[in-house]
Amino acid sequence: MNQVTAELNRAAVALAGCRRLLVLTGAGMSADAGVPTFRGHQGLWGDVDPEIYASLDGFLAEPDKVWEWYRQRRFEIASVEPHPGQRSLALLQRFSPEAMQVLVATTNEDDLLERAGLESVIQLHGSLFTTRCLDSCGWEVSDDADNAWSLRDCPRCGARTRPGSIWFGEKLDPELTQALEDFAADGCLVVGSSSVVQPIAAIPPEMALAGLPVVEVNIARTPLSDSVTVHLQGSAASILPHLVDQLTSAVIRAQQHTLNSSVEQAS
Ligand SMILES: [Zn+2]
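Residues numbered from 1 in each chain as written. Predicted model: local features only at pLDDT ≥ 70, side-chain atom pairs only at ≥ 80, totals over all residues. Heavy atoms only, no water.

1. Looking at the coordination of the zinc ion
Distances from the zinc ion to its protein donors, C133 (SG), C137 (SG), C154 (SG) and C157 (SG), fall within 2.3 Å. Around the zinc ion, the 4 donor atoms sit at angles spanning 102 to 120 degrees, and that spread fits a shape best called tetrahedral. Donor residues binding the zinc ion come from one chain and are separated in sequence as C-x3-C-x16-C-x2-C. Residue C137 is found in the loop between β4 (126–133) and β5 (140–141), and its partner C154 is found in the loop between β5 and β6 (161–165); the two are separated by 17 residues along the sequence. Given a relative accessible area of 26%, C137 falls into the partly exposed group. Accessibility expressed as a relative area gives 4% for C154, which makes it buried. (Donors = N, O, S within 2.8 Å, 3.2 Å for Na, K, Ca; no water. Tetrahedral: all angles 85-135°; square planar, octahedral: opposite > 155°, others 65-115°. Helix = DSSP H or I, 4+ residues; strand = E, 2+ residues; numbered from the N terminus. Buried < 20%, exposed > 50% of the residue type's maximum accessible area, 1.4 Å probe, protein only.)

Right under this line is the structure:
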């Protein structure tokens, strides 16, 4: 068994006993599919500082220009396809829900996980394809594929419309963070996340400290790497299909073992 296979096996065994697995995915997951990272846009939009454009002040200063930037990002994302790592997560989520519930939360604003077949993805930073009211009337439309609403005012209150993304300086939706808490995960898989954006970055190290299994998949080491159960170095697209394959096998083995033990006890 080579070292990579051994590490994959170790990660799968560590997570196989989880009843409620939390999967957190970050920019690296989408970058593998060819989605330009936030920072990557500086090449295309020379004068754009994402931290200004993706903020309320930036939008209020130049709403048309910011919307144009968002429309461009929608266009770019619509033209890429989910990769095997994202598709394998969809398989994992559907696998044997009685043995292991899988909740996927992401800081990515694209729709690649949904298009890969995942159900109920928690988009902590909002959705790029949602358009909503800039004011607080609560109006939003979840699919603005032809960008028509980006050019109109809110049909309910007449305020401007804005992208559904959570901007720099804005708080995460408390209902979403509560949903993560309520899930009460007993294991965590962190994929392609820089593990520096709070408050989400605090979850995996807290779980590791509590003795729960945490596996990290990343092309580079992160601030989290030293505290995880297993760090798997590589891209999400190349590692996840193998990890999910091993994990599902390990869950089946564990189920068979439990079944055999109960048969032995009964006889
Ligand atoms: Zn409104």
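2. Things to note about the environment of S262
Inspection of the secondary structure puts S262 in helix α11 (residues 236–266). Of the residues examined, S262 reaches a relative accessible area of 36% and is grouped as partly exposed. For the pair S262 and L212, spaced 50 residues apart in sequence, the C-alpha to C-alpha distance is 26 Å.

3. Notes on the nonpolar core
Within the largest apolar cluster, 34 residues are counted, with the highest numbers of intra-cluster contacts made by L189, L232, L240, L243 and L247. At the level of elements, α1 (3–16), β1 (20–25), α7 (84–94), β2 (101–106), β7 (187–191), β8 (214–218), β9 (230–233) and α11 are the ones that each hand at least two residues to this core. If sequence neighbours within four positions are ignored, L232 has contacts with E7, L8, A11, V215, E216, V217, N218, I239 and L243. Among the nonpolar cores identified, the runner-up in size contains 18 residues, and I166, A185, V190 and L224 belong to it. (Core = buried A, V, L, I, M, F, W, Y, C linked by side-chain atoms within 4.5 Å. Contact = heavy atoms within 4.5 Å.)

4. A word on helix α9 (residues 174–183)
The N-terminus of α9 is capped by D173, whose side-chain oxygen sits 2.8 Å from the backbone nitrogen of E175. One or two steps after α9, the chain reaches A184, where phi turns positive at roughly 50 degrees. (Polar contact = N/O pair within 3.5 Å; in protein donor to acceptor, adjacent residues only side chain to side chain.)

5. Topic: the environment of F183
Summarising the element assignment, F183 is placed in helix α9. Separated by 161 residues in the primary sequence, F183 and L22 have C-alpha atoms spaced 8.2 Å apart. Excluding residues within four positions of it along the chain, F183 makes contact with R20, L21, L22, Q101, V102 and L103.

6. Some thoughts on α1
One turn of an α-helix holds 3.6 residues; hence residues three or four places apart share an orientation. Its 14 residues give α1 an end-to-end C-alpha distance of 20 Å, which sits within 8% of 20 Å, the value for a rise of 1.5 Å per residue. Every buried residue of α1 is accounted for by L8, A11, A12, L15 and A16. The buried side chains of α1 occupy one side of the element, clustering within an arc of 130 degrees when seen end-on. (Expected span 1.5 Å × (residues − 1). Arc of directions from axis to C-beta.)

7. Topic: the sheet that holds β5
The 3 strands are arranged β5-β4-β6 in an open sheet whose pairing can be described as antiparallel. Every interior strand has two partners, whereas the edge strands, β5 and β6, have only one. Bridge analysis of β4 against β5 gives 2 bridges, and the strand direction is antiparallel. Among the inter-strand pairings, T131 is bridged to a residue of β5, identified as V141. (Pairing = 2+ DSSP bridges.)

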